[in-house]
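Coordinates in review
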Amino acid sequence: MQLITHLPGSSALVLDSPHSGVVYPPDFLYTCEMSVLRRAEDTHVEKLYDFAPGLGAHWIEAHFPRSYLDANRNTTELDVSLLDEPWPHPVETDPGLLSKVRLGKGLIWRTTDDGLPIYERRLSVEEVSTRIEQCWKTYHAAVAQAIDAAHAGHGYSIHVNCHSMPAVASSHATDFPGEKHADFVVGDRDGSTAGAALSRLVCTHLESLGYNVAYNHPYKGVELVRRYSKPAAHRHSIQLEINRKLYMDEETLALTPGFDTLKAHLHSLVGLLLNTDPRLL
């Protein structure tokens, strides 16, 4: 079973999609309805950016679903109540960092976005450890390798962590249930993972295309932008959330006519970033 795709590029731009996976491993053994579980996916994100490798961008994509293991969480963000025995490794204790765990959205999901239990069983330490080894470590190694290669080849790197979001926040998805989302959310963890000028450039470009854009709310960026960014060393990471209403039917998961327009606009954004040296902004 192929767990990730990693297509090395020639540019300073790295794109990754950690949540668009649709390959459900046989050892998942979930008990909720598949149709409900699939709403956790950043559906079709990989299709929105499928042109990027041809332009020289590095591309990393997870094929396992985020509900099986969320590669955008730290391995310490584990809900130990899911386990049938004590977890032998460190776990997060900071209440702020545990907000997603409380919502059932830690490294291993406990519930769906609507709060429905995913399992009717306890998980073993062995199976969680296997998911970390096969999925989390493999994915993170690919992202780290791509960013290192981009930086080594150009003296800087621009990493875009690619996501999608529902039009309206679900009850257990964020700390703002029921909130209507903007067309795009640009997140840089309050300026800590990317230079302000670069984040501003992304926001301004999207706004120039007619979209309403939110900055660091309600999504600031999580583990993948935090772990591999260092703006002072010219390593920039931005999390980019796209409202699913722009390109798909959220109930049927079918693409809508807006998909082609959105994809063309993302092509223009990727082209802009391929021709941007953040050191000159």
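Preceding this paragraph is the structure being described.
What comes next is a walk through the structure. (Residues numbered from 1 in each chain as written. Predicted model: local features only at pLDDT ≥ 70, side-chain atom pairs only at ≥ 80, totals over all residues. Heavy atoms only, no water.)

Moving on to the pairing of strand β7 (residues 235-243). Most of β7 is tucked away: eight of the nine residues are buried. Pairing analysis gives four bridges linking strand β5 (residues 184-187) to β7, with the strands arranged antiparallel. Considered in β7, the bridge of Val 185 is made with Glu 241. (Buried < 20%, exposed > 50% of the residue type's maximum accessible area, 1.4 Å probe, protein only. Helix = DSSP H or I, 4+ residues; strand = E, 2+ residues; numbered from the N terminus. Pairing = 2+ DSSP bridges.)

With that settled, the discussion passes to the packing of helix α5 (residues 196-208) against helix α7 (residues 258-274). Their axes nearest at 11 Å, the elements α5 and α7 cross at an angle of 150°. Taken together, the axes of α5 and α7 are roughly antiparallel relative to one another. Once α5 is placed against α7, the crossing between them reads as right-handed. Taken together, the residues of α7 that come into contact with α5 (itself represented by Leu 198, Leu 201, Val 202, His 205 and Leu 206) are Ser 268, Leu 269, Leu 272 and Leu 273. (Axes fitted to C-alpha atoms, helices over the stretch in contact; angles between N-to-C directions. Parallel < 35°, antiparallel > 145°, perpendicular 65-115°, else oblique. Left-handed = near helix turned anticlockwise from the far one by under 90°. Contact = heavy atoms within 4.5 Å.)

Ordered in space as β1-β3-β2-β4-β7-β5-β6, the seven strands form an open sheet in which the pairing is mixed. Whereas interior strands pair on both sides, the edge strands pair on one side only; in this sheet they are β1 (4-7) and β6 (213-215). The sheet shows a mean angle of 15° between the axes of neighbouring strands, direction not considered. Inspection of the sheet shows β1 paired to strand β3 (residues 58-62) by four bridges, in the antiparallel sense. For Thr 5, the partnering residue across the bridge sits in β3 and is Glu 61. Helix α4 (residues 125-154) contacts β1, β2 (13-17), β3, β4 (157-165) and β7 of the sheet and is inclined by roughly 170° relative to β3.

This brings us to the packing of aromatic side chains. All chains considered together, the criterion is met by seven aromatic pairs. Seen from their ring centres, Tyr 24 and Tyr 30 are 6.2 Å apart, and the 70° between their planes marks the pair as edge-to-face. What makes Tyr 30 partly exposed here is its relative accessible area of 26%. Taking 5.3 Å as the distance between ring centres and 70° as the angle between the ring planes, the aromatic pair formed by Phe 28 and Tyr 68 counts as edge-to-face. One end of the pair, Phe 28, is in the loop between β2 and α1 (34-37); the other, Tyr 68, is in the loop between β3 and α3 (99-102), and 40 residues separate them in sequence. For Tyr 68, a relative accessible area of 2% puts it in the buried group. A network of ring pairs unites the aromatic residues Tyr 24, Phe 28, Tyr 30, Tyr 68 and Tyr 119 as a single cluster. Over the ring of Trp 109 we find Lys 105, and its NZ or CZ is 4.9 Å from the ring centre. (Phe/Tyr/Trp six-rings, centres within 6.5 Å; stacked < 30°, edge-to-face > 60°. Lys NZ or Arg CZ within 6 Å of the ring centre and 35° of its normal.)

Side chains that differ in charge, positive against negative, can pair when their charged atoms come close. One pass over the structure, following the stated rule, counts 17 salt bridges. The salt bridge partner of Asp 42 is Arg 66, with a shortest N-O separation of 3.6 Å. With Asp 42 in the loop between α1 and α2 (45-48) and Arg 66 in the loop between β3 and α3, the pair connects residues that are 24 residues apart, well separated along the chain. You can call Asp 42 buried: its relative accessible area is 1%. A salt bridge links Asp 42 to Arg 244; the nearest nitrogen and oxygen atoms lie 3.1 Å apart. Here Asp 42, found in the loop between α1 and α2, pairs with Arg 244, found in the loop between β7 and α7; they are 202 residues apart in sequence, far enough to count as distant. With respect to burial, Asp 42 and Arg 244 carry one shared label: buried. Through salt bridges with shared partners, one network takes in Asp 42, Arg 66 and Arg 244. (Salt bridge = Lys/Arg side-chain N within 4 Å of Asp/Glu carboxyl O.)

In short, shape yes, function no, at least from these values alone.
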